[in-house]
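Analysis of the macromolecular model
Spelled out from the first residue to the last, the chains are:
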Amino acid sequence: TTANTAPTPARRPAEPGSRPGSKRRAAESIWASGKAKMKALRDKRAAPFVDKSLYADLNGMMIAAALDASAYLGDADMKAFALKSLDRFLKEGYSPRRGFVHLLGEDPEKDEGFISDQAMMLKALLSAYGASQDLRYLDKARELADLTLSRFWDSHGNGGFFDRPEGSATMEFL
């Protein structure tokens, strides 16, 4: 041999199962089998409870986020759906005397919402105005802000807000 070449080692024949891809195929087969067994077991159980309630605070948060995202992403469909969602809450869950209900389906003339419902929907209304320049969203935002201050503010001068309107049977200080 010369100084620049090294002897080539003899190659062994490939052992069964060691060919490229065969271990991967075996692992995929085991995975698929395990997945099918788990699905069969899951199908025998009752489906878990899924809360399909529409809460004002969570929807307000998502409406505002969707409107912000639609502006950055240029997604007109996202903006339209967010505005449609807000319009639904205004129609079905808002009273100019009481604000937003906590749970859509409650009577807005009888049921009290939490301060979180008012705060998140106020943010959604302001975001809707910013996204659409529709003055009715700004007008509702002003109305809701005034209502929230008058109903949830600690009127005794101690500062802060209550989670329910002052004087409510379930009122707690935040």
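A brief look at the structure comes next. (Residues numbered from 1 in each chain as written. Predicted model: local features only at pLDDT ≥ 70, side-chain atom pairs only at ≥ 80, totals over all residues. Heavy atoms only, no water.)

Considering only enclosed or pocket space, the largest pocket measures out at about 220 Å³ in volume. Counting residues per element, the ones that place at least two in the lining of the largest pocket are helix 2 (56-73) and helix 3 (76-92). With seven residues, helix 3 is the single largest residue contributor to the lining of the largest pocket. Classifying every residue of the lining of the largest pocket gives eight nonpolar, two polar and two charged. (1 Å grid on protein atoms, 1.4 Å probe; cavity = no way out; pocket = protein on both sides within 12 Å on 5 of 7 lines; lining within 4 Å. Points joined across faces, edges and corners; volume = space filled by probe spheres on them. Helix = DSSP H or I, 4+ residues; strand = E, 2+ residues; numbered from the N terminus. Nonpolar A, V, L, I, M, F, W, Y, C, P; charged D, E, K, R; others polar.)

Throughout the structure, instances matching the rule amount to two aromatic pairs. Here tyrosine 94 and phenylalanine 100 contribute two aromatic rings whose centre-to-centre distance is 4.8 Å and whose plane-to-plane angle is 50°, an arrangement assigned as tilted. Residue classification places tyrosine 94 among the buried residues on the basis of a relative accessible area of 8%. Measuring from centroid to centroid gives 5.0 Å for tryptophan 153 and phenylalanine 161, while their planes differ by 70°, and the two rings are edge-to-face. (Phe/Tyr/Trp six-rings, centres within 6.5 Å; stacked < 30°, edge-to-face > 60°. Buried < 20%, exposed > 50% of the residue type's maximum accessible area, 1.4 Å probe, protein only.)

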